[in-house]
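Now for the letters of each chain:
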Amino acid sequence: LTCYGPEVDSQLIRQVAASFDHLRRLADNGDISYPYSTREAVAVIRHLQQYPQDGVVSAVHNVLDFDSFNDSMYAMIGSVFAHHGIEMSDYASWQEAQARVQAAAEKALEIEYTKQRDAEGRSSSPPPLSAPHQGKWDDMNNPHVGGNQWAGGTGGSDTAGLGGRGGPYRLDRGHNVHQVSDEAKAEVSEEAKRAAREMAKKALAEKLTEIEMSETEWQSYTRLLEPIRKDIGILRNSLKAVEGEKSEKTWIKRQGHGEIDDGLLPDAVAGEKYIYKRRGYDDNAFKHIHRPKRLLFVVDASASMYRFNGYDGRLNRSLEATLLIMSAFEGMGDRFDYGIVAHSGDSPTIPLVRFGDPPTNEKDMMRILQSVVAHTQYCQSGDYTLEAVENAIEQIMNGNSDGDESDEYVVVAISDANLARYGIHPKELGKIVAAGSDAAAPVKAHVIFIASFGQEAEDITRSLPAGRGHICMDTSDLPRIVRNILMSSVE
């Protein structure tokens, strides 16, 4: 760089070099779409050498402006340069974008359930069994341990709550969970179990019927949305980059800003203003039309998601992931045709988003999220992970919106890695994932684990084909994982 700018301050050159090295690492991690390299750093230094009066901020802005087209990209690039001592304070657009994204990032998701269950929280003597019922509602929300009178208690009998036995469905009011033993659960009669199932079925139907976007639901929606706004922008940029991998960036000439085109210097002398060139996609160039990639996301809506949300926030993480997917794919129907299904202890396939018919507004998205929560709360215990992934592989090949084939088929299952509890060996899931690649129309199936008891997620990942298992304990890692999954499918 010093060769290109012998008169540029050496400290400034080091700052520029460190900044572009940082940007390149972000690109390698999938956080930004364009793989910045020495070429852009050279362009900045050459600009400073020829026009030192412009200053480094102006030089950087000219070179990078083609890629800073939304708030998240503005903010990310600006923060990188600021980290290395180059403040983007001369451009109001950079300041405004950074402020908007920073304001959203500072709002943390309010996780309602934070207390953990430990060995001291077990109930060894639940009350005698009777008929299942919801129980009385405590407006003061006091903790109720054991007993069979209150809704939302723990370690009791017959009422809606957590950790007990014989109740009609799960109900979490944010208290420490007291778990009865498996032996105590086995004492519940078949008649009581049937009655509980009927109550749960009725409650589920009523819950799904009443879902509408009220003021309270809007507040719940925004609480889920705010912490992932930045991640939505990152994933949208990644999705655009995935499609862009099939076309090449080129030099777009006769631009009003960018890098000076040496071939147009005579024109500059004559007074021509459009003497710059930029790297980008030429809208006038011939483009090969690709068919939309088809993706099917499989969301875990089993009982364990609700039951252990207070332990590690897995249901909150799943809802954030689902909202992230719906928001990031919005308006990209020409590139991606996606669907979402769920599975629970009641069914291996619960349609949430159908191919060709994605949610178009906040109310539709919130309704889908509420449906997931309702299934986790009212479904029966059990695990249909294997059947869900197997069904998804078959469905994605037959469930397209227009009857045409797709360029790629990708199934992404989001799971809490709770297989051992139901006697499912990880290799069984590995066989199903591998079988998708051998189908007539190959389907690349992946599994993202958003929770784990001990090392179970790692053990399952090792049993899957290489590169098909991913562990994501933080929603902010999901954009990178989804991008890598899609990039691996590009032929």
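Summary of the structure given here. (Residues numbered from 1 in each chain as written. Predicted model: local features only at pLDDT ≥ 70, side-chain atom pairs only at ≥ 80, totals over all residues. Heavy atoms only, no water.)

**Points about the overall build of the chain**
Counting secondary structure elements, the chain contains 18 helices and eleven strands. When the 491 residues of the chain are sorted by exposure, 52% land in the buried category. Restricting the contact set of the chain to residue pairs at least 6 apart, pairs at least 24 apart contribute 69%. When the accessible surface of the chain is totalled, it reaches about 23200 Å², and 47% of it is carbon and sulfur. (Helix = DSSP H or I, 4+ residues; strand = E, 2+ residues; numbered from the N terminus. Buried < 20%, exposed > 50% of the residue type's maximum accessible area, 1.4 Å probe, protein only. Contact = heavy atoms within 4.5 Å. Areas by Shrake-Rupley, 256 points an atom, 1.4 Å probe, with all protein chains shown as cover.)

**Focus on the side chain of Glu 456**
Note on placement: Glu 456 falls in helix H17 (residues 456–463). This buried residue, Glu 456, is left without a salt bridge; Arg 314 holds the nearest opposite charge, at 7.8 Å. Setting aside anything within four residues of it in sequence, one finds Glu 456 in contact with Ala 417, Asn 418, Leu 419 and Ala 420. (Lys, Arg positive; Asp, Glu negative; His and termini not counted. Salt bridge = Lys/Arg side-chain N within 4 Å of Asp/Glu carboxyl O.)

**Details of the sheet that holds strand E11 (residues 469–471)**
In spatial order, the strands read E8-E7-E6-E9-E10-E11; together these six strands make up an open sheet with mixed pairing. This sheet does not close on itself; its edge strands, each paired only once, are strand E8 (350–353) and E11. Taking the axes of each pair of neighbouring strands and ignoring which way they run, one obtains an average angle of 25 degrees across the sheet. Strands in contact with H17 are strand E10 (443–449) and E11; relative to E11, the strand with the most contacts, it is inclined by about 160 degrees. (Pairing = 2+ DSSP bridges. Axes fitted to C-alpha atoms, helices over the stretch in contact; angles between N-to-C directions.)

**Brief notes about the pairing of strand E9 (residues 409–415)**
Extensive coverage of E9 is indicated by the burial of seven of its seven residues. Where burial is concerned, the two faces of E9 agree: the one with Tyr 409, Val 411, Ala 413 and Ser 415 and the one with Val 410, Val 412 and Ile 414 are both buried. Alignment of strand E6 (residues 293–300) against E9, held across six bridges, turns out to be parallel. The residue bridging Phe 297 from the neighbouring strand is Val 412, located in E9. As paired strands, E9 and E10 are joined by seven bridges and run parallel to one another.

**Let's talk about the nonpolar core**
By size, the foremost hydrophobic cluster in this structure holds 57 residues, and its most contacted members are Leu 323, Met 326, Tyr 338 and Ile 340. The biggest single contributor to this core is helix H13 (residues 314–328), with eight residues. The contacts of Ile 340, once residues within four sequence positions are left out, are Leu 296, Phe 297, Val 299, Thr 322, Ile 325, Met 326, Ile 350, Pro 351, Leu 352 and Val 353. (Core = buried A, V, L, I, M, F, W, Y, C linked by side-chain atoms within 4.5 Å.)

**Comments concerning the pairing of E10**
Look at any regular strand and the pattern is simple: side chains alternate between the two faces of the sheet. When you tally the buried positions in E10, you get six out of seven residues, the bulk of the element. Sheet topology places E10 next to E11; three bridges connect them, and they run parallel. Along E11, the bridge assignment pairs Val 447 with Gly 469. Taken together, E10, H17 and E11 form a β-α-β motif whose crossover is right-handed. (Right-handed = clockwise from strand over helix to strand, strands pointing away.)

**Brief notes about the environment of Gly 164**
Tracing the backbone shows Gly 164 in the loop between strand E2 (161–162) and helix H6 (182–185). Linking Gly 164 and Gly 146, residues 18 residues apart in sequence, is a C-alpha distance of 7.7 Å.

**Topic: unusual backbone geometry**
The residue Asn 141 is not glycine, and still its phi comes out positive at about 55 degrees. Within the secondary structure, Asn 141 is located in the loop between helix H5 (92–105) and strand E1 (153–154). One non-glycine residue with positive phi stands out, namely Asp 158, at about 75 degrees. You can see Asp 158 is positioned in the loop between E1 and E2. Using a relative accessible area of 1% as the deciding quantity, one classes Asp 158 as buried.

**Some thoughts on the packing of helix H8 (residues 215–225) against H13**
Interhelical geometry of H8 versus H13 gives an angle of 85 degrees and a closest axis separation of 10 Å. Judged by the inter-axis angle, H8 sits roughly perpendicular to H13. Facing Tyr 221, Leu 224 and Leu 225 of H8, the residues of H13 in contact are Leu 319, Glu 320, Leu 323 and Ser 327. (Parallel < 35°, antiparallel > 145°, perpendicular 65-115°, else oblique.)

**Some thoughts on the packing of aromatic side chains**
Evaluation of the coordinates by the stated rule reveals five aromatic pairs. Judged by centre distance (5.6 Å) and plane angle (85 degrees), the rings of Phe 20 and Phe 81 are edge-to-face. In this pair, Phe 20 sits in helix H1 (residues 10–28) while Phe 81 sits in helix H4 (residues 71–83), placing the two residues 61 residues apart along the sequence. Neither residue differs from the other here; Phe 20 and Phe 81 are each classed as buried. Between Tyr 169 and Tyr 378 the ring centres are 4.6 Å apart and the planes differ by 65 degrees, which places this aromatic pair in the edge-to-face class. Here the residue Tyr 169 occupies a position in the loop between E2 and H6, and Tyr 378 occupies one in helix H14 (residues 362–378), the gap between them amounting to 209 residues. Its guanidinium or amino end placed over the ring of Trp 150, Lys 136 lies 4.6 Å from that ring's centre, counting from NZ or CZ. We note Arg 173 situated over the ring of Trp 137; from NZ or CZ to the ring centre the distance is 3.7 Å. (Phe/Tyr/Trp six-rings, centres within 6.5 Å; stacked < 30°, edge-to-face > 60°. Lys NZ or Arg CZ within 6 Å of the ring centre and 35° of its normal.)

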